[in-house]
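Next come the chains, spelled out residue by residue.
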Amino acid sequence: QTGAVSGRVLDEKSQGVPGATVLIEGTTLGSSTNADGTYLIQNVPAGAQTLVTSFVGYNAKRQPVTVTAGQTTALPDISLAENTTLLSEAVVVGYGTQRRQDVTGSIATVSEKQFVQGQVINPEQLIQGKVAGVQITSGGGAPGSASQIRIRGGSSLNANNDPLIVIDGVPVDNSENKGVSNPLTLVNPNDIETFTVLKDASATAIYGSRASNGVILITTKKGLSGEKLRVTLNSQASISEKTKTIKVLSADEYRSVVNSYGNASQKALLGTSNTNWQEEIFRKAYTFDNNLSLIGSVGKLPIRASVGNTSQQGILLTNKLVRNTGSISINPMLLDNHLRIDINAKGSWVDNTFADAGAIGNAARFDPTQPIFTGDDARFGGYYEWLNGDRTLNVNGTRNPLAQLNQKRDRSTAKRAIGNIQFDYKFHFLPELRANLNLGYDLLRSNGTTAVPAFAAIEFSNRGANNIYSQKKDNKLLDFYLEYAKQVGEHRFTVLGGYSYQDFIRDQPLDSYQASADGTIIKAAFPFKTQNTLVSFFGRTTYNFKDRYSLTATLRNDGSSRFPTGNKFGLFPAVGLAWRVKEESFLKNTNLLSDLKLRVGYGVTGQQDIEGAAGNYPFLARYTYGEASASYQFGNEYVMTLRSEGYNTGLKWEETTTYNAGLDYGFLDGRISGAIDVYVRRTDDLLAKVAPQALTNLTNEIITNIGSLENKGIEFSLNTNPVRTNDLNLNLNFNATYNENKITSLGNTLPDFQGYAVGGIGGGVGSNIQVNSVGYTANSFYVQKQVYDANGRPIEGLYADLNGDGKSTIDDRYRYKSPVPKVTLGFGSNATYKKIDLAFTMRANLGNYVYNNINSQQAALSGISTNGFLQNLTPDFYNTNFRGYQLFSDYYVENASFLRMDNITVGYNLRTFAENKSNIRVTAAVQNVFTITKYSGLDPEISSGIDNNFYPRPRTFTLGLNLGF
Amino acid sequence: CVGDLDREPFNEVTSDVVYADPANYKMVLAKLYAGLALSGQTGPSGKPDLSGVDEGFSNYVRQYWSIQELPTDEAVIAWGDDGLQDYHLMNWTSNNPFIRAMYNRIAYQISACNEFIRESTDEKLSGRGITGVNADNIRKYRAEARFLRALSYFHSMDLFGNPPFATENDQVGSFQPRQIPRAELFSYIESELKAIENDLVDARANQYARADKAAAWMLLSKMYLNAEVYTGTPRYTDAITYSSKVINAGYMLQKTATPVSSAYGRNFLADNNTSPEVIFPVAFDGEFTKGYGGTTFIIHAGIVGSMPAAAFGMDGGWGGTRTTSAFFKLFPDTAADRRGRFYTKGQTLEIDNLTEATNGLGVVKFKNITSTGAAGKNLTFPDTDFPMFRLSDAYLTYAEAVLRGGTGGNAGQALTYVNELRTRAYGNSTAGNISASQLTLDFILDERGRELHWEGHRRTDLIRFKKFTTASYLWPWKGGVKEGRAVSDNLNVFPIPSTDLVANPGLKQNPGY
């Protein structure tokens, strides 16, 4: 005996919500709403039922309904309230979606409402500070510079630590791109609807071998069936300026130091000018960002199309990025709604004008007593340059930073196309069975040129430069899976099985070369082409009992071409359990508590991305050709060489085992909600570059499965909606993460083994300041313990004899702190008062340390002159009075904890017109508002932990206009 | 589609493909020689052979020069690179990055030789259908590869005493090298050099820069001269035998001066490939063999203070290497002895501060100009070859072996050889010639300094004369104090780097470290 239920779902503006999910609770009966928000569910068992309505970005609603057999019961309109605190109900997971309540893994979703506002050019910055356990550090202030993204710390030493990024079902290639600093720059943030971050293994294991560092699923905006076409215009204009410069001595201070401490030849080099080099190389920079999008449907065809243009100047002279993007998404439903086709195509065209960032360090170093231009010497384009006694160019001299910027034209063009077509077919004879085929591509074409005139000092010995390079990337994807979903009584289960094929080809063709300005080829590049392939089989089953107990089990068998036969495949299992405690009878009627769910998960994920460290063929005995410039003379001929390469025939997957326990909570109807997670991630068979036994291989460092590493942490997130009235709506969100990273094994070690040195610094070629040692955080600083005098001044060259051998040697170094913060905090708010809205985002890192490589190179007297030219000092010289470099003193390792306000945005809805269907909103925003830190250098937020030549993050003021009709 | 997981490289070639074509053997051999001259597959840098070290630092000749010269009276360096000052201060430990770089470079070179030697056996050649002239040539290549391996094992034995050991019979990646006692390694090198004597091309008959019989003889004679240090058993008679073979092979001292160079000085110029006295060079070229090691380093680093780079055919100095007053004092009269060329303007004789490039005298020896005064092809990367073995060394080896009691030679001949060097040094004048009574062992050591300074022999020589660690000869900053002091005898060999002690549990550290 069954009946039907019909009705309409509306949003806050009383407009129909198309595409919302309407389900009879405890069954698989349900449907999606039509374009006007209406729905009809048939074959509903007669009697009392509960209808659950949910839609991304809205609070779900439960509504009791009594179904009469043989009739269609019309329900009153259901109004959904926009969800600003709770994360949405339908959650994007790998290969499909899951209901939030069924999710057993640690998953965080950030949708457009919660994105960081203001001028955001790189997509990842939309969620900076928004998700517990996700640390995003921009590479600096250059337009389009790459960010470092870490989810729950890095799980590898030498393999890639970046998360897998999947855009609309296409895992994108984030490996090195020639001519593009940040591959994500090639995606327009305005096209993005949600970010979903999969953090623990029970969530990520469906991505198997690529999931050890977490997965970020990016979903772009889609058209809506039946909705009228709407046009949105988004315009922003920004002005950026530097916040401060590196403190260095003024010309007069510098003259006085050289005159008091320098020798005769140094004094003789002093000039009479007063140049503030850092003021000269930076500028006020302008950015214009315009986006036009069209969303809705044409007839029955949902469509979204957008074009964007961004023109961003860097604050460093000459630096600029111009980006044009276009995207289109159409989502037809065919065959009586049994076949859904999603077609997404995104294209971007980026023109970069790079500035030589070396000019930043050179500006801090350049002798302030010298002029920018010489009066009488027209060589080198008239710029002042350091000369030898015979007035020839001093090739060792610090190059004039202005000449370095103005005489070098370094441009690139990159074009990227990412797209896919996805067929999702519900079988006519068996609607519980769904087949999904996804065909995707990610193509990149880039090329670049560098031109320097022959007279420029920076390329004087090469007689200028006229270099070109290019790169092609062709990445292909095929995914196919079948999913069977069934409800039997109070048991609901799904079974999914699939196959995935991905192929990556990177090609740097022969036409790259380095040449003099007149075109004489100095170095012709060898062609370079490389390929790798992944073939995977995966399965997932979910089981839910009474809407209270959920289980997710996944298994993925991944094959990678990067490993030898026999080791190509890795098996990655995971299981997650969830218990919705709130649904139990003893809590069901508690009003205070609106949600309580316990989750536990276990899983193994893999790592095979070792291309950066070892290439794509690390297990093959192979030879590489030498270039002509690296030939060897036999008699009268120069013979090109063939080099045998090191290889490891035993190479296999790195495996990370994750244990996660979490608690999702909600109080007061979701006005307070959040999650707490604790996790342990242990990586075994760590892929690390270590020294093989001497003489056993054809290299001195080889990628090997050796050792283990552990990350342990706690994450906490809190979203609150303390005020919710008609006029005023206030949302606050806060997240905190504590993570501890420790290397637990590096294979065989000896008591006095210091570990593997990493972290090259300026001031001594080949000097490293960090180390990977057992028992310590990866990349810990490895320094000598400075001894101080009674007045607290460091005593030059005096270090604690930590190994007690009576001598002060480099063996007295110890591991002291690391660049990785122990605690990261994010804090944001969205407030609306009538037509005004205000949003801000703040972040804090605690316990992160930075090696001040500026001071260690520029605060010692010996830094002023080495080879017949002068270099400026930083005022830290007055503190230390060091004569010689003390590069390894822990004095230079500084606490770089900080609190930063990334953004504050005020918006005003100017007016609505044309029957409330159009609106104008204006915004004003400031990016990088303030930073509170004890760090003495320019900026404490440096992911490598080594502060040297850092492109300053500017402060940006933005005015924006949003027009919709 | 699982078959697609067997991807093959596009630009690199697999080992099977390389050795199927006889033409490739020469390219692999060229890499073995280039292992001494270059740091990687791209000149001047890029695609390095070694990781974990600055590529320029990782070059063989640069490392060898540094480890043989910087701990001695002949050279100091100004730079503060991690561990570099430890050389002259004699303060090194098993964690020293420069010692590790030398060790790794030697191991790399030996491994690369082993690989080629393993792949070029007669059985493998015939198995690949390589016969006739091709096979004959490859047999010569293989002998040269064995020479290069012996040369590196000699360096390994000299520097590290009891290093790990592997031959072509050990397969890549699948064994633990044993530590070989110094005396046993000595016997191995000796047997190798004797075994290839017939396969090597006759002295002076091979292509320039390739090893011939004389190179093997010279290496043997140097081993025998130092045999007592390595094995406890003197082999001076053998030293005389093999240095005589070299001397009698037709080499001649360069005796003609030019308007821009003394006859002696011509051995260190951009056209020193024409020198009749070089037995085995490491070749460099401003266009085809470019790197930041080798003579690029030796010349650049040695241009300090106000030294005019252009006079060296270079585009600038690196303000690095100088010499000590102790070495300067080996030359009683630098005006007469053309080998003693020092740059003094703006330089101090005594060194107060090792890291100040104007402390200590500049050494004017290697240059990137030709004997007619023309600059080399490239002002950054010299054409100047590094003379690993020179006839002068054979003369002085002969003389010293005779003085130390070897038989088969005679004192008169020894004196003649020494005076031949001195006559040339004094501009074809006998004013500097010595008498038989003046030809003492101490004189030989000093004369080796004068004749062979900055050619990478000094540390070995000082150890043989028991003056490297002891108080019998002090130079500024020896042992870390300005006036010099004796140091522990264990410093006569370097420590096995801690990285390899960790990797290879079968190794025992040298005593005292």
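Residues numbered from 1 in each chain as written. Chains lettered and ligands numbered in written order. Predicted model: local features only at pLDDT ≥ 70, side-chain atom pairs only at ≥ 80, totals over all residues.

Below, the discussion takes up the overall build of chain B. Along chain B, the regular secondary structure elements total 18 helices and nine strands. Compactness check: chain B gives a C-alpha radius of gyration of 22 Å against a globular reference of 24 Å for 513 residues, within 12% of the reference. C-alpha atoms of chain B, sized along the principal axes, occupy 75 × 50 × 50 Å. Looking at the 513 residues of chain B, the share that counts as buried comes to 60%. (Helix = DSSP H or I, 4+ residues; strand = E, 2+ residues; numbered from the N terminus. Rg over C-alpha atoms; globule rule 2.2 N^0.38 Å. Buried ≥ 20, exposed ≤ 12 C-beta atoms within 10 Å, placed from the backbone.)

This part is about the overall build of chain A. Looking only at helices and strands, chain A has ten helices and 57 strands in total. Radius of gyration (C-alpha) of chain A: 30 Å, near the 30 Å computed for a compact globule of 965 residues. Taking the principal axes of the C-alpha coordinates as reference, chain A spans close to 105 × 65 × 65 Å. For chain A, the proportion of its 965 residues judged to be buried stands at 53%. Here the contacts in chain A between residues at least 6 apart in sequence split such that 70% fall between residues at least 24 apart. (Contact = placed C-beta atoms within 7 Å.)

As a further point, take the domain arrangement of chain A. Per the domain assignment, the segments of chain A are domain 1 (2–79) and domain 2 (90–220). Centre-to-centre separation of domain 1 of chain A and domain 2 of chain A, based on C-alpha positions: 33 Å. (Domains from an automatic or database assignment.)

With that out of the way, let us pick up the interface of chain A and chain B. Contacts between the two partners involve 80 residues from chain A and, on the opposite side, 90 residues from chain B. Looking at the side of chain A that touches chain B, the elements with two or more residues in it are β27 (491–508), β30 (528–545), β31 (549–560), β34 (622–625), β35 (632–634), β36 (637–639) and β37 (642–644) of chain A. With two bridges connecting them, β34 of chain A and strand β1 (residues 13–14) of chain B associate as antiparallel partners. Across the sheet, Tyr623 of chain A pairs through a bridge with Val13 of chain B, a residue of β1 of chain B. (Pairing = 2+ DSSP bridges.)

This brings us to the pairing of strand β14 (residues 164–167) of chain A. All names here are of chain A. Because side chains alternate across β14, one face comprises the buried residues Leu164 and Val166, and the other comprises Ile165 and Ile167, equally buried. Bridge count for β14 against strand β17 (residues 215–220) is four bridges, and the pairing is parallel. Paired with Val166 across the strands is Leu217, a residue of β17. Here β14 hands over to strand β15 (residues 170–171) after two residues, with Asp168 in that stretch at a positive phi of 50 degrees.

One key point about sheets: their strands pair by backbone hydrogen bonds, in either a parallel or an antiparallel sense. Residues and elements named next belong to chain A. Strand order in this open sheet of four strands is β44-β45-β46-β49, and the pairing throughout is antiparallel. Two strands lie at the open edges of the sheet, namely β44 (756–760) and β49 (814–816), each paired on one side alone. In this sheet, adjacent strand axes meet at a mean angle of 45 degrees when their direction is disregarded. In the sheet, strand β45 (residues 768–772) pairs with strand β46 (residues 780–783) via two bridges, with the strands oriented antiparallel. (Axes fitted to C-alpha atoms, helices over the stretch in contact; angles between N-to-C directions.)

Residue and element names in this part refer to chain B. Where helix α2 (residues 22–37) contacts helix α7 (residues 132–160), the axes come no closer than 10 Å and their chain directions differ by 15 degrees. Looking at the two axes, α2 sits roughly parallel to α7. Crossing geometry of α2 relative to α7 is assigned as left-handed. Residues Pro22, Tyr25, Lys26, Leu29 and Leu32 of α2 form the contact with α7, whose own contacting residues are Asn134, Ile138, Tyr141, Glu144, Ala145 and Leu148. In terms of residue class, the contact of α2 with α7 is made up of eight nonpolar, one polar and two charged. (Parallel < 35°, antiparallel > 145°, perpendicular 65-115°, else oblique. Left-handed = near helix turned anticlockwise from the far one by under 90°. Nonpolar A, V, L, I, M, F, W, Y, C, P; charged D, E, K, R; others polar.)

Another point: α7 of chain B. Residues and elements named next belong to chain B. Along its 29 residues, α7 runs 41 Å from first to last C-alpha, staying within 8% of the 42 Å computed at 1.5 Å per residue. Judged by how many residues are buried, α7 sits mostly within the fold: 21 of 29 residues are covered. Directly after α7, the chain includes Gly161, whose backbone phi takes a positive value near 75 degrees. (Expected span 1.5 Å × (residues − 1).)

Here the focus is the packing of helix α5 (residues 97–119) of chain B against α7 of chain B. Residue and element names in this part refer to chain B. Between α5 and α7, whose axes approach to 9 Å, the crossing angle comes to 155 degrees. Of the possible angle classes, the one that applies to α5 and α7 is roughly antiparallel. Classified by chirality, the crossing of α7 by α5 is left-handed. Judged by residue contacts, Met102, Tyr103, Ile106, Gln109, Ile110, Cys113, Asn114, Phe116 and Ile117 of α5 engage Arg142, Ala145, Arg146, Leu148, Arg149, Ser152, Tyr153, His155, Ser156, Leu159 and Phe160 from α7.

Pairing in this open sheet of three strands is antiparallel, and the strands run β37(A)-β34(A)-β1(B) from one edge to the other. Every interior strand has two partners, whereas the edge strands, β37 of chain A together with β1 of chain B, have only one. As paired elements, β34 of chain A and β37 of chain A share three bridges and run antiparallel to each other. Within β37 of chain A, the residue paired with Tyr625 of chain A across the bridge is Leu642 of chain A.

For helix α9 (residues 213–225) of chain B, built from 13 residues, the straight-helix expectation of 18 Å at 1.5 Å per residue is met to within 8% by its first-to-last C-alpha distance of 18 Å. Counting buried residues along α9 of chain B, 13 of its 13 residues qualify, which places the element largely inside the surrounding structure.

Close reading of the predicted structure is inappropriate where its pLDDT is low. The predicted model of chain B has a mean per-residue pLDDT of 95, with 100% of residues at 70 or higher. Both scores are available for the predicted complex, with the pTM at 0.87 and the ipTM at 0.96. (pLDDT = per-residue confidence, 0-100.)

Attention now goes to unusual backbone geometry. The step from Gly43 of chain B to Pro44 of chain B runs through a cis peptide bond, and the omega angle for that step is -5 degrees. Locating Pro44 of chain B in the fold gives a position in the loop between α2 and α3 (60–69). The residue Asn337 of chain A is not glycine, and still its phi comes out positive at about 65 degrees. Tracing the sequence through the fold places Asn337 of chain A in the loop between β22 (333–334) and β23 (339–354). Of note in the backbone geometry, Asn881 of chain A takes a positive phi value of approximately 55 degrees without being a glycine. Checked against the element boundaries, Asn881 of chain A lands in the loop between α10 (876–880) and β53 (893–895).

The next subject is the environment of Ala257 of chain B. All names here are of chain B. Turning to its location among the elements, Ala257 is positioned in the loop between α11 (236–247) and β5 (278–282). Counting along the chain gives 19 residues from Ala257 to Asp238, while the straight-line C-alpha distance between them is 34 Å. Contact partners of Ala257, with chain neighbours within four places excluded, come to Ser262, Ala263 and Gly427.

Residue and element names in this part refer to chain A. Counting buried residues in β45 gives four out of five residues, a clear majority hidden from the surface. Here β44 pairs with β45 via four bridges, running antiparallel. Paired with Tyr756 across the two strands is Asn772, which belongs to β45.

With that settled, the discussion passes to the environment of Ser717 of chain A. All names here are of chain A. Tracing the chain through its elements places Ser717 in strand β42 (residues 708–724). For Ser717, a count of 22 C-beta atoms within 10 Å puts it in the buried group. Residues contacting Ser717, with those up to four places away along its chain left out, are Ala132, Gly674, Ala675 and Asn735.

As a further point, take the environment of Pro143 of chain A. Residues and elements named next belong to chain A. Residue placement: Pro143 occurs in the loop between β12 (134–138) and β13 (147–151). Classification of Pro143 by C-beta neighbours within 10 Å gives buried; the count is 31. Placed 200 residues apart in sequence, Pro143 and Ile343 show a C-alpha to C-alpha distance of 30 Å. Once residues within four sequence positions are removed from consideration, Pro143 is found in contact with Ile121, Gln312, Gly314, Asn319, Lys320 and Leu321.

The subject of this paragraph is the confidence of the model for chain A. Overall, the predicted model of chain A reaches an average pLDDT of 89, with 97% of residues at or above 70. A low-confidence stretch, residues 84–88 of chain A stays under pLDDT 50, and its non-local contacts, those more than four residues away or across chains, total 23 contacts.

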